[in-house]
Amino acid sequence: QVQLVESGGGLVQDGGSLNLSCTASAQTLSPYTMGWFRQPPGKEREFVAGISWNGHSTYYEDSVKGRFTISRDNAKKAVYLQMSSLKPEDTAVYFCTADRSSLSWFVSSTPQNWGQGTLVTISS
């Protein structure tokens, strides 16, 4: 088990940028695929981005490709989500997630470990 804490959410205007961070309590993040999910108001949670344990592979949901970038720093036990060209439809609670699984499993399944979430609101 690993505990995850997100930070960096807030209110930005349409077209703006925001960077999310997630820190983990695990002794090491190396065994974990990491990622971000989000839950828009009134909708179900959805996958946003994932990154392999060594950072060499990433995967994005189609609507965020080219706008969001996921990265990780295992030495700092952290994962990041850089978001640009934000749109009102990106408004959601964003969750940091981790799982001892492959990235291919991770992007279509429910990771085992979840943070509490951070709210991102995009105003039009």
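A. Region of the structure containing the state of the cysteines. Summed over all chains, the structure comprises one disulfide. Put simply, C22 and C96 are joined by a disulfide, and their sulfur atoms are 2.1 Å apart. Its torsion about the S-S bond being -80°, the disulfide of C22 and C96 is classed as left-handed. Of this pair, C22 sits in strand β3 (residues 18-24) while C96 sits in strand β9 (residues 92-99); the two residues are 74 residues apart in sequence, bridging distant segments of the chain. The class of C22 is buried, set by a relative accessible area of 1%.

B. How the structure looks around the side chain of R38. Following the sequence through the fold, R38 ends up in strand β4 (residues 33-39). Classification of R38 as buried rests on a relative accessible area of 4%. Among the polar contacts listed, one links the side chain of R38 to the side chain of E46, at a separation of 2.6 Å. If we ignore the near neighbours within four places in the chain, the residues touching R38 are E44, R45, E46, V48, E61, S63, V64, F68, D90, A92, V93 and Y94.

C. Main features of the environment of E44. Note on placement: E44 falls in the loop between β4 and β5 (46-51). The spacing of E44 and Y60 is 16 residues in sequence and 17 Å in space, taken between C-alpha atoms. Not counting chain neighbours up to four residues away, the residues in contact with E44 comprise R38 and Q39.

D. View of the pattern of salt bridges. Summed over all chains, the structure comprises four salt bridges. In this structure, E46 and R38 form a salt bridge, with 2.6 Å as the shortest nitrogen-oxygen distance. Between D90 and R38 there is a salt bridge, with the nearest N and O atoms lying 3.0 Å from each other. Here D90, found in the loop between β8 (78-83) and β9, pairs with R38, found in strand β4; they are 52 residues apart in sequence, far enough to count as distant. Each of the two residues, D90 as well as R38, counts as buried. What emerges from the salt-bridge pattern is a single network uniting R38, E46, R67 and D90.

About the cut-offs
- Residues numbered from 1 in each chain as written.
- Predicted model: local features only at pLDDT ≥ 70, side-chain atom pairs only at ≥ 80, totals over all residues.
- Heavy atoms only, no water.
- Disulfide = S-S within 2.5 Å.
- Helix = DSSP H or I, 4+ residues; strand = E, 2+ residues; numbered from the N terminus.
- Buried < 20%, exposed > 50% of the residue type's maximum accessible area, 1.4 Å probe, protein only.
- Polar contact = N/O pair within 3.5 Å; in protein donor to acceptor, adjacent residues only side chain to side chain.
- Contact = heavy atoms within 4.5 Å.
- Salt bridge = Lys/Arg side-chain N within 4 Å of Asp/Glu carboxyl O.

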